[in-house]
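# Structure at a glance
Each chain, written out:
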Amino acid sequence: MARMTWTIAPEPYDCPAAAALWRAYYTEVSDRWYLLHEGHRTDPDELEREIAAQAGAELAPPAGQLLIARYDGEPAGSAGVRLLDADTAELTRVFVYEGMRGRGGAALLVAAAEEAARALGARQLILDTRSDLVEARTLYARLGYAETAPHNDDRYAEHWFRKDLSAPGIVN
């Protein structure tokens, strides 16, 4: 039996694979928040408005990059980086389809995003996440991200992380 492999490459933020991954990502994190805080899934109209409002144009070159991970050639995950200033990039939209989790794709995506941020000239990568996204917080800590003071006032941000990109990468 042939071994399944991951490939990660930049793709346009509005390509069909990116749009499908964004819809799956946003639906999952929104539904998790609403189920935890309000006991129901996201209102479908609100979901459609937010997906459309956050298309991802900030992830387009020259100041951003969207990476698509494919597992055995099929879209399976994404990660984006965007420059915030000359030294700092933000890691965003890190997502792997539920059925593809546990196969190492998330760590590979983050490592590729770090390389993309370096290529954009960033010396540090920052991100934010929520308390209920335990898997994400565990991943970032394992990959060498340190929890820091808040760097934004995003309503949904509860944990902020930073990584110095001049340090050697850690992938387990």
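Our structure is the block above this text.
This write-up is about the structure you can find in this document. (Residues numbered from 1 in each chain as written. Predicted model: local features only at pLDDT ≥ 70, side-chain atom pairs only at ≥ 80, totals over all residues. Heavy atoms only, no water.)

Attention now moves to the sheet that holds strand β5 (residues 124-129). Pairing is mixed across the open sheet formed by seven strands, whose spatial order is β1-β2-β3-β4-β5-β7-β6. Whereas interior strands pair on both sides, the edge strands pair on one side only; in this sheet they are β1 (6-10) and β6 (146-148). Strand-to-strand twist of the sheet, defined as the mean angle between neighbouring strand axes without regard to direction, takes the value 30°. Relative to strand β4 (residues 88-96), strand β3 (residues 74-83) runs antiparallel, the two sharing six bridges. (Pairing = 2+ DSSP bridges. Helix = DSSP H or I, 4+ residues; strand = E, 2+ residues; numbered from the N terminus. Axes fitted to C-alpha atoms, helices over the stretch in contact; angles between N-to-C directions.)

Contact geometry of helix α1 (residues 16-38) with helix α2 (residues 44-53) gives a least axis separation of 10 Å together with a crossing angle of 130°. It follows that α1 is oblique to α2 by the angle criterion. For the pair α1 and α2, the crossing hand works out as right-handed. Here α1 contributes W22, R23, Y26, T27, S30 and Y34 to the contact with α2, which in turn contributes E46, L47, E48, E50 and I51. Class assignment for the residues of the contact of α1 with α2 results in five nonpolar, two polar and four charged. (Parallel < 35°, antiparallel > 145°, perpendicular 65-115°, else oblique. Left-handed = near helix turned anticlockwise from the far one by under 90°. Contact = heavy atoms within 4.5 Å. Nonpolar A, V, L, I, M, F, W, Y, C, P; charged D, E, K, R; others polar.)

This part is about the pairing of strand β2 (residues 64-71). Taking burial as the measure, the eight residues of β2 include seven buried ones, the bulk of the element. Two elements, β2 and β3, share eight bridges in a ladder whose sense is antiparallel. When the sheet's bridge partners are listed, L67 is paired in β3 with A79. What sits between the antiparallel neighbours β2 and β3 is a turn of two residues, in which D72 has the positive phi angle 50°. (Buried < 20%, exposed > 50% of the residue type's maximum accessible area, 1.4 Å probe, protein only.)

A separate point is α1. Working note: α-helix, 3.6 residues per turn, so residues spaced by three or four point in the same direction. Compared with the 33 Å implied by 1.5 Å per residue over 23 residues, the 32 Å span of α1 between its first and last C-alpha is a close match. Taken together, the buried residues of α1 touch α2, β2, β3 and β4. Phi for G39, located one or two positions after α1, is positive at around 75°. (Expected span 1.5 Å × (residues − 1).)

A few words on the pattern of salt bridges. A full pass over the atoms with the stated rule returns eleven salt bridges. We note a salt bridge from R32 to E28, for which the minimum N-O separation is 3.6 Å. Separated by four residues within a single helix, R32 and E28 lie in helix α1, roughly one turn from each other. Overall, E28 belongs to the partly exposed group, its relative accessible area being 23%. R41 is the partner of D31 in a salt bridge, and the nearest nitrogen-oxygen pair spans 3.4 Å. On the criterion of sequence distance, the pair formed by D31 in helix α1 and R41 in the loop between α1 and α2 is long-range, its members being ten residues apart. Linked by salt bridges that have partners in common, E28, R32, R101 and E135 make up one network. (Salt bridge = Lys/Arg side-chain N within 4 Å of Asp/Glu carboxyl O.)

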